[in-house]
Amino acid sequence: MSLKFINQALIVGLFSAAIRMATPLALAALGEIFSENSGIINLGVEGIMLMGALLGFLGTYFTGSLLVGVLLSILIGIIMALIHGLITIRFMANQVVSGMALWLLGWGLSGFLYRMIFGVRTLPPTVKGFDTISIPLLSEMPFLGAILFNHNVLVYLMFILVFLSSIVLYRTDFGLRIRAVGENPKAADTLGVDVYRIRYMCLMIEGGLAGLAGAYLSLAQLSMFIEGMTLGKGFIAIAIVYFGKWNPYRTFSGALLFGFVDALQKRLQTMGFGIPYQFLLMLPYIITILTLLGVARKAEAPASLGVPYRRE
Amino acid sequence: MSIEREGFSTSVLIPLIAIIGALIVNSILLLAVGVNPLFAYKSLLSGALGSTYGITESLVKATPLLLVSLSMTVAFKCNVWNIGAEGQMIIATIVVTWVTLAIGDRGGPLLLLLAMLVGFLGGAFWAFIPGLLKAKFEVNEVIVTLMMNYIATFLLSYLVHGPMMDPKAYGYPLSPVLPKSALLPKLVKGSRSHAGVLIALLCALLTYILLWKTPLGYYIRAVGLNPEAAYCAGINVFRSIIIAMILSGGLAGLAGMIEVCGVHRRLLDTPLSGGYGYLGIPVALVGRLHPLGVVLASLFFGTLFVGAEMMQRTTGIPTTLVYCIEGLMMLFLVSSEFITKRGRA
Amino acid sequence: MGWRCLRIEKKTLLVILLIILVAIAAIYVLTRPKAPPAAPFRIALILPGRIDDVSWNQAAYEGIMWLKDKYGEAIDITYTEEVYEVAKIEPALRDYAEKGYDMIIGHGFQFMEPIVTVAPEYPHTAFLLGTGYKTVENSIVYDVRLEEGGYLMGVLAALMSKTGKVGVIGGCDVVEIYRGHEGFKLGAKSINPDIEIYEHYTGDWRDAEGAKEAAISMFEMGVDVIWHSGDGLGLGVVEAAKEKGFWFMGVPVDQSSLCPEKCLSCVVYSWGPLFEQIMNDWREDGKFDKKFYWASFANGGITLSPFNPAVPKDVRDTIEQVKQQIISGQLNITAMIPPKAG
């Protein structure tokens, strides 16, 4: 029907959308990288994202300030991750169950609080979300400029955080300690590393980033909160962490891949090629698996992932 | 994750106290919406256990939970993180529907057995793929199984909107109703309880026998604990992983077959799995990955979910509050482990 | 910092447990269950979604609220949300029937089989099925002729589009959504046979983000008017319209307040009067003679929200004209919808 559309505007739109859709995945996945590199798996990312989305929205709605919203979302993320930490580090309980319980709780609580505060309305309350900010000069570059430098501030933040995460994990003492704790907590402990403290700190980072990812949904992507608005993104983010082999750059490219195929699938559907839309919807997931086969074999998790540490 | 030889009192007592603790915290939320917590809990209990219908409903809910939890048990014992039970259930429902419709009532009583076999195989197949990818290419099974859940969901949607749509359904995405011979017999008149619960309990027994009384089960557990040592001891790690996944998928497939043959009797656009594929994971872990524990945990959670829905209808509290309650319950239960653990993991 | 396992004595635990159990038993015995209000007519609404989803479910919720407003004390209503999975439906139906509710509404076709199973056991309770095709003695099906609304939306879109490209976005191509989309296409083509129509299904009713991206991609292809067929995803289309500046139309409530400059008009559902009609039919006879109830322009079940000021008078007149043709039966949109390719 419409191959005549393949022109520059379409390509730019496609890649631009890919970045938009990858951002919440990337943010949440970055957080999860930190916690998993230290040995803790947190399946409750979805619940944390939802609470982050809610708190971010509430903060902005009641104060008119996007910054307040974002800070609140980070704060609630940290709190929820710390609950997970309490249960998995202090109580040494099963991380998978704790994570899933946190998911249920976050989902239920966010929906519940939203309904309590706003009641039932014909049209949902909205806020003024993040605007697109074009970076002067850079965004005027042909092609790349429009794709990379025409987004809202959280996307730019995400770029920076990917870069920072890599530096922290691989070029700082702190990062070294994190990875040591993840690989062999006992050895790290013998060398004087405070295993528990490192894990708590990683969880805090994780929670903050997951909360931020949630805020992106309710403040940048849409300008409202919808119950359950994450639609599984938290779990996809976790999968992307495995895809990226716990490395920030690879994980970021995993998020990009997923976002790209998702954006592609939408445009393909609209172009009307006659393929049943369900198959197009499958595309991101199939491509992810195929790519895994191609590039992400021998994915070795941090050795102590999922195992609570007991100091003898 | 090894099983501790815990005394009865600690295994049952501690969780009970955890449950009560969760209920107390939940009371705060209930009071916030102006509901008397005790009235709410009473309706939860009476809803789930206070009538024949309630009890049978709890069983109906517990049955797929049990099968999925058993599926998780087999997989996790081999250290294979199969979170694809949802997808495996869906594929099983598709295959069961297709085969039973194709054969129709001609199959007679054998049709039901065939359905079970086909359901098992369908789920096993869907799990075989990630199992193969893991065993041969060391591709992480977490992400593959998760992706395949989504693929299965969309496949179901496509089929039910198209090739498998009931021509008499006026364009609604429904498959034809399954032939009578393929339906699971009902256990209690006037309720939804069906023979599936017997199948599930049988599977629990079989799983126990498999994992602890057969060489294969030993290999599976050995690979789960330490693949390198198992390899050195001459165990075929590759085969163990594949078999574990096949069995795991098959059990999940049985759960799907039971749902379609016992409860729904036809396919819909909405997956019949109802989230059991994911819920089975914490249930299996709360059950300490042992068939007996899993049976108890499934019964508990089945009752809890049914009771919670009843409570919601009686008190009128928002459904989101019910999720909070269930989540808190899980949190408390998992935290209570710390009292029982003694020293080493 | 280590953690020492609490060395709680088993005996202590037992004692604690016993005390708690006794306390609970005591209070249990002392609490009185809430007596149901003695209202003559009790209605239960079971929704697959949420009452505030700005769409299919909210419309039904507002419908029974309308009834409550009108009849006040004579009616008692209750509702349950998120009964989406089929497995949860039957217990809900039985529960309300057992509790003595007079009219139980299952707002979605996944309720069909459970209603067919449960209704015969409660012959004095009325069961209402929201879209579907099977009925029993004491159940009826209600549905909405979204194709009529869609047709008018298509006409409006074609008249207002400057680029000759219009779009329609929905969740899944089921039932009334499918009919609505097809109606849209017919309406648009009736004005401009060469019009280019782009269609998108997000696959998930609540995927507002997906709908927003789909709308943006349509816009990038030159579409300047988009109609969304409702559900939470519609909000995403509104967001995209706000950002990119194309015209949008929606369902099932008036969404102009979300983005006044860009909303052309919306198809509005009014379930209240239809529920009232059903209720009165049941109460009159104690049975259902009519089995299918349709919300349409003719009975006020569907209306159009006020036009955007930017819509020129001749366009409004055309719409009004076509609407009258539909109401009078001169134009039968329902008959024009092609059956779904199976």
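Keep in mind that this is a model prediction, so the values were computed, not measured.

1. Some thoughts on the overall build of chain A
- Helix and strand content of chain A: 12 helices and 2 strands.
- The linear arrangement of helices and strands in chain A, starting from the amino end, is α-α-α-α-β-α-β-α-α-α-α-α-α-α.
- Against the globule reference of 20 Å for 312 residues, chain A gives a C-alpha radius of gyration of 20 Å, in line with a compact fold.
- Projected onto its principal axes, the C-alpha positions of chain A cover 70 × 50 × 40 Å.
- Looking at the 312 residues of chain A, the share that counts as buried comes to 59%.
- Considering only contacts within chain A whose residues lie at least 6 apart along the sequence, 78% involve residues at least 24 apart.

2. Overview of the overall build of chain B
- Check the secondary structure of chain B and you find 14 helices and 0 strands.
- Counting helices and strands in the order they occur from the N terminus, chain B gives α-α-α-α-α-α-α-α-α-α-α-α-α-α.
- A globule of 345 residues ought to have a C-alpha radius of gyration of about 20 Å, and chain B, at 21 Å, matches this closely.
- Principal axes of the C-alpha set define a box for chain B whose edges measure 60 × 55 × 30 Å.

3. Observations concerning the sheet that holds strand E9 (residues 247-250) of chain C
All names here are of chain C.
- What the 6 strands build is an open sheet, ordered E7-E6-E8-E9-E10-E12; its pairing is mixed. Bordering the open sheet on either side are strand E7 (196-201) and strand E12 (302-304), each of which pairs with just one other strand. Looking at each pair of strands side by side, their axes are set apart by 15 degrees on average, direction ignored.
- Bridging between strand E6 (residues 165-170) and E7 involves 6 bridges; their strand directions are parallel. Opposite Lys-165, over in E7, you have Glu-196 as the bridge partner.

4. As for the confidence of the model for chain B
Residues and elements named next belong to chain B.
- Averaged over chain B, the pLDDT score is 85; the fraction of residues at 70 or greater is 93%.
- Confidence over residues 1-5 falls short of pLDDT 50; this stretch has 4 contacts with residues more than four positions distant or in other chains.
- Taken over the whole predicted complex, pTM reads 0.86, whereas the ipTM for its chain interfaces reads 0.83.

5. Notes on the sheet that holds strand E5 (residues 139-144) of chain C
Residues and elements named next belong to chain C.
- Within the open sheet, the 6 strands sit side by side as E2-E1-E3-E4-E5-E11. Their pairing is parallel. Each edge of the open sheet is held by one strand with a lone partner, namely strand E2 (75-80) and strand E11 (292-295). Strand after strand, the sheet turns through a mean of 20 degrees between neighbouring axes, direction not considered.
- By the bridge criterion, 6 bridges tie strand E1 (residues 41-46) to E2 in an arrangement that is parallel. Opposite Ala-44, over in E2, you have Thr-78 as the bridge partner.
- Strands strand E3 (103-106), strand E4 (126-130), E5 and E11 of the sheet are contacted by helix H9 (residues 271-285), whose axis makes an angle of about 160 degrees with E11.

6. A word on H9(C)
Residue and element names in this part refer to chain C.
- For H9, spanning 15 residues, the distance from its first C-alpha to its last is 22 Å, which sits close to the expected 21 Å at 1.5 Å a residue.
- For H9, the full list of buried residues reads Trp-271, Gly-272, Leu-274, Phe-275, Ile-278, Met-279 and Trp-282. One side of H9 carries all its buried residues, which in axial view fall inside an arc of 165 degrees. Counted as exposed and oriented over 90 degrees from the buried face of H9: Asn-280, Glu-284 and Asp-285.
- Considering only its buried residues, H9 is in contact with helix H2 (56-71), E3, E4, E5, strand E10 (263-269) and E11.
- At the exit of H9 stands Gly-286, carrying a positive phi of roughly 75 degrees.

7. Observations regarding the pairing of E4(C)
- Burial analysis of E4(C) places 5 of its 5 residues in the buried class, the great majority of the element.
- Running through helix H4 (residues 112-118) of chain C, the crossover from E3(C) to the neighbouring parallel element E4(C) is right-handed.

8. Looking at the packing of helix H3 (residues 52-77) of chain B against helix H7 (residues 196-213) of chain B
Residues and elements named next belong to chain B.
- Remark: H3 packs on H7, axes separated minimally by 9 Å, with the N-to-C direction vectors making an angle of 20 degrees. On the basis of their axis angle, the class for H3 and H7 is roughly parallel. In this structure, H3 crosses over H7, and the sense of that crossing is left-handed. Taking contact as the criterion, the partners of Leu-59, Thr-63, Leu-66, Leu-67, Leu-70, Thr-73, Val-74 and Lys-77 in H3 are, on H7, Gly-196, Val-197, Ala-200, Cys-203, Ala-204, Thr-207 and Leu-211.

9. Side note on the interface of chain B and chain A
- Each partner contributes to the interface: chain B provides 38 residues, whereas chain A provides 41 residues.
- Looking at the side of chain B that touches chain A, the elements that each hand over two or more residues are helix H5 (110-137), helix H6 (141-161), helix H11 (276-286), helix H13 (319-335) and helix H14 (337-340) of chain B.
- The element contributing the most residues to the side of chain B that touches chain A is H13(B), with 12 residues.
- Within the side of chain B that touches chain A, the residues separate by chemical class into 27 nonpolar, 6 polar and 5 charged.

10. So, the packing of helix H8 (residues 215-225) of chain B against helix H10 (residues 237-264) of chain B
All names here are of chain B.
- Contact geometry for H8 and H10: axes closest at 9 Å, N-to-C directions at 100 degrees. What the angle tells us is that H8 and H10 run roughly perpendicular. Across the interface between the two elements, Leu-216, Tyr-219, Ile-220 and Val-223 of H8 pack against Val-237, Ser-240, Ile-241, Ile-243 and Ala-244 of H10.

11. Digging into the pairing of E9(C)
Residues and elements named next belong to chain C.
- Residues Trp-247 and Met-249 line one face of E9 and the alternating positions Phe-248 and Gly-250 line the opposite face, and both faces are buried.
- Here 3 bridges tie strand E8 (residues 225-228) to E9, and the two strands are oriented parallel to one another. Note on E9: the bridge partner recorded for Ile-226 is Phe-248.
- Sheet analysis places E9 next to E10, joined by 3 bridges and oriented parallel. Bridge pairing in E10 links Phe-248 to Cys-263.

12. Here we look at the nonpolar core
- In terms of nonpolar packing, the biggest core is built from 346 residues, with Ala239(A) and Leu67(B) touching the most fellow members.
- With 16 residues, H10(B) is the largest single contributor of residues to this core.
- Viewed by domain, this core spans two of them, domain 1 (41-144 + 271-295) and domain 2 (147-268 + 312-336) of chain C, each represented by three or more residues.
- Each residue touching Ala239(A), except ones within four places of it in the same chain, is listed here: Val142(B), Ile143(B), Leu146(B) and Met147(B).

13. A closer look at the environment of Gln110(C)
- As for its position among the elements, Gln110(C) is in the loop between E3 and H4.
- What makes Gln110(C) buried here is the crowd of 26 C-beta atoms within 10 Å.
- Taking the C-alpha atoms as reference points, Gln110(C) and Lys134(C), separated by 24 residues in sequence, lie 11 Å from one another.
- When residues no more than four places from it in sequence are discounted, the contact partners of Gln110(C) are Leu268(B), Thr270(B), Pro48(C), Val86(C) and Ile89(C).

14. Notes on the environment of Ile327(C)
Residue and element names in this part refer to chain C.
- With respect to the element layout, Ile-327 can be found in helix H10 (residues 313-328).
- Accessibility expressed as a C-beta count within 10 Å gives 15 for Ile-327, which makes it partly exposed.
- A C-alpha to C-alpha distance of 24 Å links Ile-327 and Tyr-133, two positions 194 residues apart in sequence.
- Setting aside its immediate chain neighbours within four residues, Ile-327 contacts Phe-297 and Ala-298.

15. Focus: unusual backbone geometry
- The step from Val251(C) to Pro252(C) runs through a cis peptide bond, and the omega angle for that step is -15 degrees.
- Relative to the elements of secondary structure, Pro252(C) occurs in the loop between E9 and E10.
- In this structure, Trp246(A) takes a positive phi of about 60 degrees despite not being glycine.
- With respect to the helices, strands and loops of the structure, Trp246(A) is situated in the loop between helix H10 (233-243) and helix H11 (248-271).
- Unusually for a residue other than glycine, Glu82(C) sits at a positive phi of about 55 degrees.
- Position of Glu82(C) relative to the elements: it lies in the loop between E2 and helix H3 (89-98).

What counts and how
Residues numbered from 1 in each chain as written. Chains lettered and ligands numbered in written order. Predicted model: local features only at pLDDT ≥ 70, side-chain atom pairs only at ≥ 80, totals over all residues. Helix = DSSP H or I, 4+ residues; strand = E, 2+ residues; numbered from the N terminus. Rg over C-alpha atoms; globule rule 2.2 N^0.38 Å. Buried ≥ 20, exposed ≤ 12 C-beta atoms within 10 Å, placed from the backbone. Contact = placed C-beta atoms within 7 Å. Pairing = 2+ DSSP bridges. Axes fitted to C-alpha atoms, helices over the stretch in contact; angles between N-to-C directions. pLDDT = per-residue confidence, 0-100. Expected span 1.5 Å × (residues − 1). Arc of directions from axis to C-beta. Right-handed = clockwise from strand over helix to strand, strands pointing away. Parallel < 35°, antiparallel > 145°, perpendicular 65-115°, else oblique. Left-handed = near helix turned anticlockwise from the far one by under 90°. Nonpolar A, V, L, I, M, F, W, Y, C, P; charged D, E, K, R; others polar. Core = buried A, V, L, I, M, F, W, Y, C linked by C-beta atoms within 7 Å. Domains from an automatic or database assignment.

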